[in-house]
Amino acid sequence: MANPKRKLSRASKGHRRAHLALTRAQLVRCTRCGAMIRPHTICKACGHYRGRQVLLAEDS
Ligand SMILES: [Zn+2]
């Protein structure tokens, strides 16, 4: 079995993981109801996507 020749130092491990941080989810306003939604997703508040009703609305 292939095995690492040496133990990876804490510094090397840290350097590799320097790019693994999570980024905050981007939010945009729904053009119809103004709720904060993730881009390219259906608005859960009003059920619209790109100006079209795509989910059954409970109120409006
Ligand atoms: Zn909406």
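Right above here is the structure, for reference.
All figures in this text were calculated on a predicted structure; none of them were measured in a lab.

**Student:** Got a minute to help me understand the coordination of the zinc ion in this structure?
**Tutor:** The protein atoms that coordinate the zinc ion are C30 (SG), C33 (SG), C43 (SG) and C46 (SG), at distances of 2.2 to 2.3 Å. Bound by 4 donor atoms, the zinc ion shows angles of 105 to 117° at the metal and therefore tetrahedral coordination geometry. All donors to the zinc ion come from one chain, and their sequence spacing reads C-x2-C-x9-C-x2-C. Placement of the pair is C33 in the loop between strand 1 (28–29) and strand 2 (36–37) and C43 in the loop between strand 2 and strand 3 (48–49), with a sequence separation of 10 residues. The exposure class of C33 is partly exposed, given its relative accessible area of 38%.

**Student:** What is the right way to look at the layout of surface pockets in this model?
**Tutor:** Rolled over the atoms, a probe sized like a water molecule indicates the empty space that remains. Of the pockets and cavities examined, the largest pocket occupies roughly 220 Å³. If you go around the largest pocket, you meet 15 residues; those closest to its centre are T31, I37, T41, Y49 and R50. Elements represented by at least two residues in the lining of the largest pocket include exactly strand 1 and strand 3. Among the residues forming the lining of the largest pocket, the class breakdown is 6 nonpolar, 5 polar and 4 charged.

Parameters at a glance
- Residues numbered from 1 in each chain as written.
- Predicted model: local features only at pLDDT ≥ 70, side-chain atom pairs only at ≥ 80, totals over all residues.
- Heavy atoms only, no water.
- Donors = N, O, S within 2.8 Å, 3.2 Å for Na, K, Ca; no water.
- Tetrahedral: all angles 85-135°; square planar, octahedral: opposite > 155°, others 65-115°.
- Helix = DSSP H or I, 4+ residues; strand = E, 2+ residues; numbered from the N terminus.
- Buried < 20%, exposed > 50% of the residue type's maximum accessible area, 1.4 Å probe, protein only.
- 1 Å grid on protein atoms, 1.4 Å probe; cavity = no way out; pocket = protein on both sides within 12 Å on 5 of 7 lines; lining within 4 Å.
- Points joined across faces, edges and corners; volume = space filled by probe spheres on them.
- Nonpolar A, V, L, I, M, F, W, Y, C, P; charged D, E, K, R; others polar.

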